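Spelled out from the first residue to the last, the chains are:
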Amino acid sequence: ANVVETSLLLMVLDRRLGGFHKPSVILPAIKIGGSAVFSAVILWALMKYFDQLVFDTTRTVNLLLLTGTVSLIGMSLYIFLTWALRVKEVTLFWAFFMRIKNWRSVIRKSEEVIDSATTNS
């Protein structure tokens, strides 16, 4: 349903704008979708392998460890694949993450003063 809706919205957008460069929209979506599908298949196989041979998932702690391990591997694999395929959005995400990482130094450099008397009234 989402693919159909996205396709219809892209067609409407194309008509309203009088045309746009479609490969710049479609190619990254294909790369991201391919990375997601490949990651999902690998994660399914890893989950089955770890469930049978590494973790005894009859215990809650081991089930949480399995979930955390597979999630970390999956996130890392997905980010690596999108980076390797040179998806621009990954670079933007990384730049945003690096800006958030330095939030304390950004706040220290700010000279803005918040007056408590005006915020309480």
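These figures come from a predicted structure and were not determined experimentally.

Visitor: Lay out the overall build of the chain in plain terms, naming residues and giving numbers.
Guide: Looking only at helices and strands, the chain features six helices and zero strands. Reading the chain from its N end, one meets helices and strands in the order α-α-α-α-α-α. Counting every position in the chain, which comprises 121 residues, the buried fraction comes to 12%. In the chain, the proportion of contacts linking residues at least 24 apart, taken out of those at least 6 apart, comes to 48%. A total accessible area of about 10300 Å² is found for the chain, and carbon and sulfur atoms account for 67% of it.

Visitor: Tell me about the pattern of salt bridges, and please be specific about residues and values.
Guide: Where charged atoms from two side chains of opposite charge approach closely, those side chains can pair. All told, the structure shown has one salt bridge when counted by the stated rule. Between Lys22 and Asp14 there is a salt bridge; the shortest N-O distance is 3.2 Å.

Visitor: Please provide a residue-by-residue account of the packing of helix H2 (residues 23–53) against helix H3 (residues 60–84), values included.
Guide: Where H2 contacts H3, the axes come no closer than 9 Å and their chain directions differ by 150°. Overall, the two elements H2 and H3 adopt an arrangement that is roughly antiparallel. Taken as a pair, H2 and H3 cross one another with a handedness that is right-handed. Along its contact with H2, which presents Ile32, Ser35, Ala36, Phe38, Ser39, Ile42, Leu43, Leu46, Met47, Phe50 and Asp51, the element H3 presents Leu66, Thr69, Val70, Ile73, Gly74, Leu77, Tyr78, Leu81 and Thr82. Of the residues assigned to the contact of H2 with H3, the class counts are 14 nonpolar, five polar and one charged.

What counts and what doesn't
- Residues numbered from 1 in each chain as written.
- Predicted model: local features only at pLDDT ≥ 70, side-chain atom pairs only at ≥ 80, totals over all residues.
- Heavy atoms only, no water.
- Helix = DSSP H or I, 4+ residues; strand = E, 2+ residues; numbered from the N terminus.
- Buried < 20%, exposed > 50% of the residue type's maximum accessible area, 1.4 Å probe, protein only.
- Contact = heavy atoms within 4.5 Å.
- Areas by Shrake-Rupley, 256 points an atom, 1.4 Å probe, with all protein chains shown as cover.
- Salt bridge = Lys/Arg side-chain N within 4 Å of Asp/Glu carboxyl O.
- Axes fitted to C-alpha atoms, helices over the stretch in contact; angles between N-to-C directions.
- Parallel < 35°, antiparallel > 145°, perpendicular 65-115°, else oblique.
- Left-handed = near helix turned anticlockwise from the far one by under 90°.
- Nonpolar A, V, L, I, M, F, W, Y, C, P; charged D, E, K, R; others polar.

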